[in-house]
Amino acid sequence: MRIAVAGDTHGRTEKLTRTMQMLKPDHLFFTGDFYNDGLKLARRLNIDWTGVTGNCDFGPKGRQEQLVTYAGRSFYLIHGHQYGAKRSLNSLFYRGQEVGANVVLFGHTHVPVCERMDGIWMINPGSASLPRHGSSCSYALIDLGEKVDIDA
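Each value, and the rule that gives it
Residues numbered from 1 in each chain as written. Predicted model: local features only at pLDDT ≥ 70, side-chain atom pairs only at ≥ 80, totals over all residues. Heavy atoms only, no water. Buried < 20%, exposed > 50% of the residue type's maximum accessible area, 1.4 Å probe, protein only. Helix = DSSP H or I, 4+ residues; strand = E, 2+ residues; numbered from the N terminus. Pairing = 2+ DSSP bridges. Salt bridge = Lys/Arg side-chain N within 4 Å of Asp/Glu carboxyl O.

S.K.: Break down the pairing of strand β1 (residues 2-6) for me, with residues and values.
M.R.: The buried fraction of β1 is high, at 4 of 5 residues. Bridge analysis of β1 against strand β9 (residues 140-144) gives 4 bridges, and the strand direction is antiparallel. Along β9, the bridge assignment pairs Ala 4 with Leu 141. In this sheet, strand β2 (residues 27-30) lies alongside β1 in parallel orientation, the contact comprising 4 bridges. If you follow Ala 4 over to β2, its bridge partner there is Leu 28.

S.K.: Which residues make up the pattern of salt bridges, and what values go with them?
M.R.: In the structure shown here, the tally under the stated rule is 3 salt bridges. Of the charged contacts, one joins Arg 95 and Glu 65 as a salt bridge, the two residues approaching to 3.2 Å between their closest N and O atoms. Of this pair, Arg 95 sits in helix α3 (residues 90-99) while Glu 65 sits in strand β4 (residues 65-70); the two residues are 30 residues apart in sequence, bridging distant segments of the chain. Owing to a relative accessible area of 29%, Glu 65 belongs among the partly exposed residues under this scheme. Here Glu 98 and Arg 95 are joined by a salt bridge, their closest N and O atoms 2.5 Å apart. Residue Glu 98 and its partner Arg 95 are both found in helix α3; the two are separated by 3 residues, about one turn of the helix. A cluster of three or more residues bridged by salt bridges with shared partners is formed by Glu 65, Arg 95 and Glu 98.

The values are spatial; any link to function lies outside them.
See below:
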């Protein structure tokens, strides 16, 4: 199973949509900020999705956090502003431990992160439209099988 992780689209999904159409993911995790972009992207790709709202989402559109299990692995999905992701990953890591996550997926910083902290993968796909690291579009791919392969 191939999982795409994206977020912080801020209304701009064209380039990400074209990229995802080539990569053909089976599922989309959307890390917030323009929650409806996640829905629109999943519809265009004709795939299932799981998303959370971010600090730029207003109104009761979706959940702020979710814990989802795929292929025997537990994914904790949150935007990240609630736990100070711009300052440190520590609070997010501890929340991931608290909920029993194998992978913490978050956004908010617009900077990609892919690191393992004490057995928990901490993954931020960056921003698909306003990245702060030089790329014009960033996202993450997780291939689930017997082994987990991550490209971010």
